[in-house]
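One letter stands for each residue in the lines below.
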Amino acid sequence: MKFGKEFASQMVPEWQAAYMNYNHLKILIKEILIFRRLQQNESTPGYQANPPLPSKGSSRKRKVSLHKAFGGLTNGNSNNKDNEDEVILVSAMHQSEENYRTVFLRSSQDAGESELGFFRKLDDEFNKVIDFYKGKVGEMVIEAEELSKQMNALIALRIKVEDPLFCSSSPIFSSRFANEQITGYLRQDVIQETKLHGEENGKRKMGSGRMDNEQEMVSLDVLNHVKINVMPETPRSSLKNAFGSSKLSFSFSKKELKNAEEKLNQAFIEFHQKLRQLKSYSFLNQLAFSKIMKKYDKITSRNASKDYLGMVEKSYLRQSDEVSKLMESVESVYTEHFCNGNRSLGMKTLRPKAKTEKHRVTFFTGCFLGYSVAFIIAIILMIHARDLLNSEGRDQYMTNVFPLYSIFGFLVLHMLMYAGNICFWKRYRVNYAFIFGFKPNTELGYREIILLSSGLSVLTLAAILSNLEMDIDESARSSRTLTELLPLGLVVIVLSIAFCPFNIVYRTNRFFFIASIWRCICAPLYKVTLPDFFLADQLTSQVQLFRNLQFYICYYGWGDYKSRESSRCRGSSVYNNISLVIAIIPYWIRCLQCLRRLFEGEDTSQAVNALKYFSTIVAVISRTFYVQKKGLALKILATSTSGVATVFGTYWDLVCDWGLLRRNSENPWLRDKLLLPHRSIYFLAMVVNVILRLAWVQTVLDFHEASFLHRTALVAFLTSLEIIRRGIWNFFRLENEHLNNVGKYRAFKSVPLPFSYENKKD
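All values derive from a computational prediction rather than experimental measurement. (Residues numbered from 1 in each chain as written. Predicted model: local features only at pLDDT ≥ 70, side-chain atom pairs only at ≥ 80, totals over all residues. Heavy atoms only, no water.)

Novice: Is there a simple way to explain the side chain of N667 in this structure?
Specialist: Considering the arrangement of structural elements, one finds N667 in the loop between helix 29 (632–657) and helix 30 (680–693). Here the side chain of N667 touches R671 through a polar contact of 2.8 Å, landing on its backbone oxygen. (Helix = DSSP H or I, 4+ residues; strand = E, 2+ residues; numbered from the N terminus. Polar contact = N/O pair within 3.5 Å; in protein donor to acceptor, adjacent residues only side chain to side chain.)

Below is the structure:
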């Protein structure tokens, strides 16, 4: 792989603009080469407008060397030779700040102006990298200070909880224990070396000994100046916080200590990851400057890389060691206080191995996809050979059995759309794992998602084929009860795998999904995060799936499966009312989530977003009443409310969720920054979004009464279109989120710390 592609693949996606623009500098070097060749050809007799370019650089170097002046046979004039070979002078513009400028000494020669422009751009890129790196290092040092204070409070809490009698009798030992553990790692090794206390404090600290350190550090009195605020969020705690203070006083319980340790443990892991990424940023940029200067020397046959890279070596980017020392200190503290001194365990947690692709995933995916295609062909051939579409039991089968299996079709389609999103997110370097908050190296790739969806499709298609075979076979009709239980058995298998407590079938991701579902159900009693409202948006596109689950309960609960009749279910007013409530619930969840975010003060526009979902609820209710009771007045009401909800939702999708329709942007009617190379794709996606949102029109125009397509099949088709629309929405929604993170260089999640101080001085 070429260095340019390797360089891009190793970047932190959210920091991409802060890296050296290697591709642009490489283009400038190519322009230098073209300009030099044109200059040389124009000064040569028999000049051709488009001369053939040599494939190798050896002839070019030979030609340049032949034009050099003869310097004699002795080396006595070596100083003059050095002066003649000198190409650039690099110096800092200001003594207090590292702002470097390069003076190009050969501007009068061929292609001198283009080379001068190259060094100007090179200096701009280097100064940009230096400024960004220094800013991030400063942030890391401040965060190290905060973690040091948090560790003081945690150790004091540990002593207070684990041995309260001992700490009350020996407060000096408690202070010394905290001093030796924390000061020795974070304060003494880190803060002193990064000169956060200043030169005088550093000298005093180095020569004062232990007693001065003990006086500087706090003892168990630190617990009198902090409050704990990391109790796990539950619906009960949310209700308490709504009517009281969100800060909790100490109760000195083991549960409280455990929760504080978990939060601080996660904070250390996240902090170490930031340091690793910052160290990688420094290394990659140094390597990029080295590569681009060597490429420049090769093209121009000059020797400028030595001077420029010497400047890079002496700069803050190379000479600063704060990040390395912070990493060593964090590793020492984490190993000592969170891994009981087991360094191998600590390093395994702080430095997880990179995720590797497994061949068996690809193998089984291919097998399942092949089986699925074979089952689909077999089902089509059976329907055609037996002429099942024109049989007497067609309507009964489509009304009662088809909805039981369509659930799995909706799930498979949604998973395939999600797999396609992941594929394109990876291609355009959208950091979806960070945005969703997955644990490092636990996120599923598109291969794993396709494996799960193809496996589910194999089970579903095999059950459908078995159901049709037993339904047609005369000898098997006596056991129709067993035949009708196949869909229920499939549901039991899927739920058993989803809630399986053993570490199989991607347990981390299954539990992450279940936890998000639970937070959606309990809205607004949990703090709303992006995975929660993103998942709730997916639920709004699966209303028909929930209605089919309702039919499952009624069909098997009332025993209708024994005679394949559902009159007691669909003809009941209670069933219809529950069906209406089920259709409203996903939109109601999103409305509550918007109100929770509004009350927390995150975004005032969430009030308008909540109103959007409320308008959708009104539209769903009016359309349901029209389907049940008909009438011109209800038809007008359903049309008007649905139209308002469609316009509202479309505008919010395009403007707020996708960030499009900006008239004064660099890309008219789009965003300033786009990931996709072709702008026409965005306009096409907007048109498709509008068209697919108009699926409700079939309800008020009574398209379901058409004889060429059964009503349940039409409903399934329209639901599939909504799932496809949601899949398209997912890509652009996360693209916009990623670009917002890029604009703020936000590459890491903020971890809430366990202790908060009562005042700013503390």
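There is more to say, and it comes next.
Novice: Can you walk me through the confidence of the model for the chain in this structure?
Specialist: It should be kept in mind that the predicted coordinates are not to be read in detail where pLDDT is low. Averaged over every residue, the pLDDT of the chain is 81; the share at 70 or more is 79%. Considering each helix and strand of the chain separately, the mean pLDDT is smallest for helix 8 (residues 198–208), with a value of 36, and largest for helix 18 (residues 402–427), with 96. In this model residues 49–84 is a low-confidence stretch, pLDDT under 50, and it forms 14 contacts with partners more than four residues away in sequence or in other chains. The low-confidence segment residues 170–218, where pLDDT is below 50, has 75 contacts with residues more than four positions distant or belonging to other chains. (pLDDT = per-residue confidence, 0-100. Contact = heavy atoms within 4.5 Å.)

Novice: I keep staring at the nonpolar core and nothing clicks. Help me out?
Specialist: Grouped burial of nonpolar side chains is what soluble globular proteins tend to show. F118 and M293 are the most contacted members of the largest nonpolar core, which totals 81 residues. When residues in this core are grouped by element, the largest group, 22 residues, is from helix 5 (residues 112–162). Apart from residues no more than four positions distant in its own chain, M293 is found in contact with F118, F119, L122, A304, S305, Y308 and L309. Of all hydrophobic cores here, the second largest spans 31 residues; its members include L456, F551, Y556 and A716. (Core = buried A, V, L, I, M, F, W, Y, C linked by side-chain atoms within 4.5 Å. Buried < 20%, exposed > 50% of the residue type's maximum accessible area, 1.4 Å probe, protein only.)

Novice: How do you make sense of the state of the cysteines when you look at a structure like this?
Specialist: Covalent bonding between the sulfur atoms of two cysteines defines a disulfide. If you walk through the whole model with that rule in mind, you get 1 disulfide. A sulfur-sulfur distance of 1.8 Å marks the disulfide that ties C554 to C569. Handedness of the C554-C569 disulfide follows from its S-S torsion of about -105 degrees: it is left-handed. Pair noted here: C554 is in helix 25 (residues 543–557) and C569 is in helix 26 (residues 567–570), with a separation of 15 residues, a long-range link. Classification of C554 by relative accessible area gives buried; the value is 9%. The class for C569 is buried, based on a relative accessible area of 0%. In this structure C591 is a free cysteine whose sulfur lies 6.6 Å from that of C594, the closest cysteine sulfur available. With a relative accessible area of 0%, C594 lands in the buried category. (Disulfide = S-S within 2.5 Å.)

Novice: Looking at this model, I keep getting lost on the pattern of salt bridges. Mind explaining?
Specialist: Opposite charge on two side chains makes pairing possible when the charged atoms of those side chains draw close. Taken as a whole and judged by the stated rule, the model has 21 salt bridges. Between D532 and R519 there is a salt bridge, and its shortest N-O distance comes to 2.9 Å. Residue D532 is found in helix 24 (residues 530–540), and its partner R519 is found in helix 23 (residues 507–521); the two are separated by 13 residues along the sequence. Among the residues examined, R519 registers a relative accessible area of 23% and is labelled partly exposed. Salt-bridge contacts for E600 lead to K527; the nearest nitrogen and oxygen are separated by 3.5 Å. Of this pair, E600 sits in the loop between helix 27 (573–599) and helix 28 (606–629) while K527 is found in the loop between helix 23 and helix 24, placing the two residues 73 residues apart along the sequence. Given a relative accessible area of 31%, E600 falls into the partly exposed group. (Salt bridge = Lys/Arg side-chain N within 4 Å of Asp/Glu carboxyl O.)

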